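# Examination of the molecular architecture
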Amino acid sequence: MKVGILGSGDVAKALAAGFLKHGHDVVLGTRDPAKLSDWVAQHRGSRAASFADTAKFGEVVVLAVKGTVATEALRAAGAANLAGKPVIDATNPIADAPPVNGVVKFFTNLDESLMERLQREFPKGHFVKAFNSVGNSFFVNPQFAGGKPTMFICGNDESAKQTVRGIIDQFGWETADMGKVEAARAIEPLCMLWLIPGFLRNEWTHAFKLLR
Ligand SMILES: NC(=O)c1ccc[n+]([C@@H]2O[C@H](COP(=O)([O-])OP(=O)(O)OC[C@H]3O[C@@H](n4cnc5c(N)ncnc54)[C@H](OP(=O)(O)O)[C@@H]3O)[C@@H](O)[C@H]2O)c1
């Protein structure tokens, strides 16, 4: 698949490396493509471009920017370039404020997630929440003594979720589909929970698993 990843940070790079490992073509989107020149030179099959060209390139688009600027980045990507495509939303609505006893602050509330805001502003993109509730070093084929971790996903479009399931499977995770876009109200705060042991005890090597 052609994957357009909006972002230039650790999350964008970790996902890009995963897509490349599994044989996909990758473009990374940023306001400043030159800053990725070293990374791109070291990762055959990748290149960097503007947000708009990246979204245009992708059959699948990934949103991997700072939560506070997610809308801005998607506006730069262009609504038309998202239309009809799965948009994997890895962002979290973390506010620009320090954690309190290890708990980060969100700029959303429990009745409205960031992904709902994005889905409303870009109705033609098929948003699927994924990869938001684990550290980026575990995105691709993680090895845990407890077995395969669970990736919680949600989104309104079934066929987009099917595509994302395939990717999650390839990346060595099991998928738990939590339903429509409103479920992001529950999935986004999982990042808050994931971060607490890190901030409190410097423990960063865990992931969630749904037992049945
Ligand atoms: N860190 C993790 O392990 C982890 C795990 C799961 C989910 N997440 C979530 O994934 C997202 C990305 O995290 P990250 O740590 O890789 O990167 P980040 O530092 O949160 O964000 C960097 C990205 O934000 C973009 N950006 C910043 N200001 C912008 C603006 N005004 N307009 C447009 N774009 C702007 C940057 O674009 P330029 O390239 O143009 O500067 C860059 O691509 C976040 O929402 C985070 O909560 C993080």
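The structure this text deals with has already been given above.
What comes next concerns the included structure. (Residues numbered from 1 in each chain as written. Predicted model: local features only at pLDDT ≥ 70, side-chain atom pairs only at ≥ 80, totals over all residues. Heavy atoms only, no water.)

With that settled, the discussion passes to the overall build of the protein. Each helix and strand in the protein was counted, giving eight helices and eight strands. Seen through its C-alpha atoms, the protein measures out along the principal axes to roughly 40 × 35 × 35 Å. Looking at the protein residue by residue over its 212 residues, the buried ones come to 50%. For the protein, the share of sequence-separated contacts (at least 6 apart) that also reach a separation of at least 24 residues comes to 68%. Here the protein has roughly 9900 Å² of accessible surface; of this, 53% comes from carbon and sulfur atoms. Once the 24 positive and 21 negative side-chain charges of the protein are each reduced to a mean point, those two points are 2 Å apart. (Helix = DSSP H or I, 4+ residues; strand = E, 2+ residues; numbered from the N terminus. Buried < 20%, exposed > 50% of the residue type's maximum accessible area, 1.4 Å probe, protein only. Contact = heavy atoms within 4.5 Å. Areas by Shrake-Rupley, 256 points an atom, 1.4 Å probe, with all protein chains shown as cover. Lys, Arg positive; Asp, Glu negative; His and termini not counted. Charge placed at Lys NZ, Arg CZ, Asp CG, Glu CD.)

With that out of the way, let us pick up the site of the ligand. Around the ligand lies a shell of 24 residues, among which Ser8, Thr30, Arg31, Lys35 and Val65 are the nearest. Between the ligand and serine 8 there is a distance of 2.5 Å, counted from an oxygen atom to a side-chain nitrogen or oxygen. The side chain of arginine 31 places a nitrogen or oxygen atom 2.7 Å from an oxygen atom of the ligand. About the coverage of the ligand: the protein hides 77% of its 900 Å² of free accessible area. When its residues are assigned to classes, the shell around the ligand shows nine nonpolar, ten polar and five charged. (Near = heavy atom within 4 Å. Polar contact = N/O pair within 3.5 Å; in protein donor to acceptor, adjacent residues only side chain to side chain. Nonpolar A, V, L, I, M, F, W, Y, C, P; charged D, E, K, R; others polar.)

The pairing of strand 5 (residues 86–89) with strand 6 (residues 126–129) spans four bridges and is parallel. Paired with isoleucine 88 across the two strands is valine 128, which belongs to strand 6. Once you follow strand 5 into helix 5 (residues 114–121) and on to strand 6, the crossover reads as right-handed. (Pairing = 2+ DSSP bridges. Right-handed = clockwise from strand over helix to strand, strands pointing away.)

In terms of nonpolar packing, the biggest core is built from 38 residues, with Ile5, Phe19, Ile88 and Phe131 touching the most fellow members. Of all elements in the fold, only strand 1 (2–6), helix 1 (10–21), strand 2 (25–29), helix 2 (37–42), strand 4 (60–63), strand 7 (150–153), helix 6 (158–170) and helix 8 (189–201) reach the threshold of two or more residues within this core. Core analysis: the second largest hydrophobic core is formed by 25 residues, Val65, Val87, Leu114 and Leu118 among them. (Core = buried A, V, L, I, M, F, W, Y, C linked by side-chain atoms within 4.5 Å.)

What follows is about the packing of aromatic side chains. Following the criterion strictly, the structure yields six aromatic pairs and no others. Look at phenylalanine 131 and phenylalanine 139: their rings are 5.4 Å apart centre to centre, the planes differ by 70°, and that puts the pair in the edge-to-face class. Relative accessible area serves as the criterion here: at 1%, phenylalanine 139 is assigned to the buried category. Put simply, the rings of Phe19, Phe131, Phe139 and Phe171 touch in pairs and so form one group of aromatic residues. Above the face of the phenylalanine 57 ring, arginine 47 is positioned so that its terminal group lies 5.4 Å from the ring centre. (Phe/Tyr/Trp six-rings, centres within 6.5 Å; stacked < 30°, edge-to-face > 60°. Lys NZ or Arg CZ within 6 Å of the ring centre and 35° of its normal.)

A few words on unusual backbone geometry. Notably, asparagine 101 is not glycine yet its phi reads approximately 50°, a positive angle. If you trace the backbone, asparagine 101 turns up in the loop between strand 5 and helix 5. Not every positive phi belongs to a glycine, and phenylalanine 131 is a case in point at roughly 65°. Tracing the backbone shows phenylalanine 131 in the loop between strand 6 and strand 7. For phenylalanine 131, a relative accessible area of 2% puts it in the buried group.

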